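Each chain is listed here by its residues.
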Amino acid sequence: MDFTLSADQQAFVQTARDFAEKELAPHAAQWDAEHHFPVDVIRRAADLGFCGIYAEPDCGGLGLSRLDAALIFEQLSQGCTTTAAYITIHNMCTWMVTRFGNAEQKNQFGEKLTSGEWLASYCLTEPGAGSDAAALKTRADRDGDSYLLNGSKMFISGAGATDILIVMARTADNGAKGISTFIVPANTPSVSFGKNEEKMGWNAQPTRAIVFEDVRIPTSYRIGEEGQGFGFAMKGLDGGRLNIASCSLGTAQAALRLAHRYLQERKQFGKNLADFQALQFRLADMATELQAARLMVYHAASRLDAGDADATLHCAMAKRFATDACFSVCNEALQLHGGYGYLRDFPLERMVRDVRVHQILEGTNEIMRLITARKLLDKDSL
């Protein structure tokens, strides 16, 4: 067991760190305040391969491992949590197309997605189907050589500003086995978008509802066979959970760095805050929890790369632990800054707002516990 990064991984990390420092961090506060979705910057990230990190190389992807992706996303999120998080979602969509799509779909969509020319949104959640994703009601009814899509999606990241929608819709009534996956160009007639939601965080990317009213899409835009869509969606989410956990790692690392510096600079009662043992212990706990979370995410990524039968279990455990622990680190860093941490002049309040949603999306942490418990109880022994 070797925890040393390879030369290639060190290069990926440095490239992502440089991009985050130059292209993301200087603008993150302004993007948050103005609710600006920095498409131009995302496309510059694509020039480095970051819009197709683990997508198939024959479609222009880098073909890297999930561990490599985790390392990259961890660095990007130190610059801007929200922008890095959107890039992870685009990568998940791109991977689904390049992994499960046929040759025609790969030719039509693959390189435009990996290059960032087209950006994508993942459309699973509905107003009445959040954690119970298999209960989705959006339908795709066959009509000759096309489908008519009807229904709505909720909380869709990038919606209204992206080019491609990866939509899970019902083609039969038999639960999860009746769900299929479709590629839907966002400009297809009768696709409409709701208002940009006013959110606690993640303000640098839009979040909207999507409505489909007799949206006609060709059968050639269905990924795989009818009924395979839920499986594709869940496989996408195994990686998506690691991606969002990695964004939590990076944000918590940035918060820890700020707290470390502040404790050494701030004086109260005639001495630096760093001289108070209670605060030393708090910093030590923050660093320890962050490192534990990091190791869990890296381990889960390695299990997913290896095709381990328990990869879903490890991804769920890592997502739950890392997003909880990293939110706590960010919150503690804010607390250590006192009143200054609560001001928008400082980045910590934005970090706290942005990472909070990581405990909800890609499967709530309650659902992560449910997945973990079921996987464990399916075993004869531990």
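Before reading further, recall that the structure is shown in the block above.
As the structure is a computational prediction, the values presented were derived from the model and not from experiment. (Residues numbered from 1 in each chain as written. Predicted model: local features only at pLDDT ≥ 70, side-chain atom pairs only at ≥ 80, totals over all residues. Heavy atoms only, no water.)

**Looking at the overall build of the protein chain**
Threshold: The helix count covers DSSP runs of H or I at least four residues long, the strand count covers runs of E at least two residues long, and both are numbered beginning at the N terminus. Only protein chains enter the calculation, and the probe is 1.4 Å; a residue is then buried if its accessible area is under 20% of its type maximum, exposed if over 50%, and partly exposed in between. Whether two residues are in contact is decided by their heavy atoms, any of which lying within 4.5 Å being enough. Method for areas: the Shrake-Rupley scheme with a 1.4 Å probe, in which residue coverage is limited to the protein chains shown. A positive count includes Lys and Arg, and a negative count includes Asp and Glu. His and the chain ends are not counted in either. Charged side chains are reduced to one point each, which is NZ for Lys, CZ for Arg, CG for Asp and CD for Glu.
When helices and strands are tallied, the protein chain shows eleven helices and ten strands. Its C-alpha atoms put the protein chain at 80 × 55 × 40 Å along the principal axes. For the protein chain, with 382 residues in total, the buried portion stands at 53%. When contacts within the protein chain are restricted to residue pairs at least 6 apart in sequence, those whose partners lie at least 24 apart make up 73%. On the protein chain, roughly 16600 Å² of surface is accessible, and the fraction owed to carbon and sulfur atoms is 51%. Here the protein chain carries 39 positive and 46 negative side-chain charges, and the mean point of each set is 4 Å from the other.

**Looking at helix α3 (residues 39-47)**
Stated formally: Summarising the geometry, the arc corresponds to the directions from the helix axis toward the C-beta atoms.
Within the span of α3, buried status applies to Val39, Val41, Ile42, Ala45 and Ala46. On an axial view of α3, the arc spanned by its buried residues comes to 160 degrees, and they lie on one face. Taken together, the buried residues of α3 touch α1 (7-24), α2 (28-34), α5 (81-100) and α6 (103-114). One or two steps after α3, the chain reaches Gly49, where phi turns positive at roughly 95 degrees.

**Quick word on the packing of α1 against α3**
In plain terms, the rule: Each axis is a line fitted through C-alpha atoms, taken for helices only over the stretch in contact, and angles between the N-to-C directions span 0 to 180 degrees. Our angle categories are set so that under 35 degrees counts as roughly parallel, over 145 as roughly antiparallel, 65 to 115 as roughly perpendicular, and the remainder as oblique. Here a crossing is taken to be left-handed if its near helix is turned anticlockwise relative to the far helix by less than a right angle, and right-handed if that turn runs clockwise. Throughout, the ten residues Ala, Val, Leu, Ile, Met, Phe, Trp, Tyr, Cys and Pro are labelled nonpolar, Asp, Glu, Lys and Arg are labelled charged, and all others, Gly among them, are labelled polar.
It is the contact of α1 with α3, at a shortest axis distance of 12 Å, that shows an interaxial angle of 160 degrees. Considering the angle they form, α1 stands roughly antiparallel to α3. Two packed elements cross with a definite hand, and for α1 against α3 that hand is right-handed. Across the interface between the two elements, Phe19, Glu23 and Leu24 of α1 pack against Val41, Arg44 and Ala45 of α3. Class assignment for the residues of the contact of α1 with α3 results in four nonpolar, no polar and two charged.

**Here we look at the layout of surface pockets**
In this approach a probe as big as a water molecule rolls over the atoms, and the regions it shows empty are the leftover space. Selection rule: Cavity and pocket criteria rest on a 1 Å grid covering protein atoms alone: a 1.4 Å probe that fits but cannot get out defines a cavity, protein on both sides within 12 Å along at least 5 of 7 lines defines an open pocket, and an atom within 4 Å of a point defines a lining residue. Grid points are joined across faces, edges and corners, and a volume is the space filled by probe spheres set on the points.
When its volume is computed, the largest pocket comes out at roughly 1200 Å³. In terms of lining residues, the largest pocket is bounded by 42 residues, among which Thr125, Ile360, Leu361, Glu362 and Gly363 are the most central. Only α5, β1 (120-123), β3 (146-157), α7 (229-265), α10 (348-356) and α11 (365-377) provide two or more residues apiece to the lining of the largest pocket. Among the residues forming the lining of the largest pocket, the class breakdown is 22 nonpolar, ten polar and ten charged.

**A word on the environment of Ala311**
Looking at where Ala311 falls in the secondary structure, it is placed in helix α9 (residues 311-336). Excluding anything up to four places from it in sequence, Ala311 contacts Arg303 and Leu304.

**What to know about a nonpolar patch on the surface**
Put simply, the rule is: Note that patches include only residues with greater than 30% relative accessible area and no salt bridge, and the join distances are 9 Å for like charges and 5 Å for nonpolar side chains (Val, Leu, Ile, Met, Phe, Trp, Tyr). Salt bridges are defined by distance alone: a side-chain nitrogen of Lys or Arg within 4 Å of a carboxyl oxygen of Asp or Glu.
Residues Met1, Phe3 and Leu295 make up a contiguous nonpolar surface patch of roughly 430 Å² in combined accessible area. Considering the arrangement of structural elements, one finds Leu295 in helix α8 (residues 277-305). Judged by relative accessible area, Leu295 falls into the partly exposed class, the value being 38%.

**A short note on the packing of α5 against α7**
The N-to-C vectors of α5 and α7 enclose an angle of 155 degrees; their axes lie 9 Å apart at closest approach. Comparing their axes, α7 and α5 come out roughly antiparallel. In this structure, α5 meets α7 at a crossing whose hand is right-handed. Every residue of α7 that contacts α5 at Thr81, Ala84, Ala85, Thr88, Met92, Trp95, Met96 and Phe100 is listed here: Phe232, Ala233, Lys235, Gly236, Leu237, Gly240, Asn243, Ile244, Cys247 and Thr251. For the contact of α5 with α7, the class distribution of residues is eleven nonpolar, six polar and one charged.

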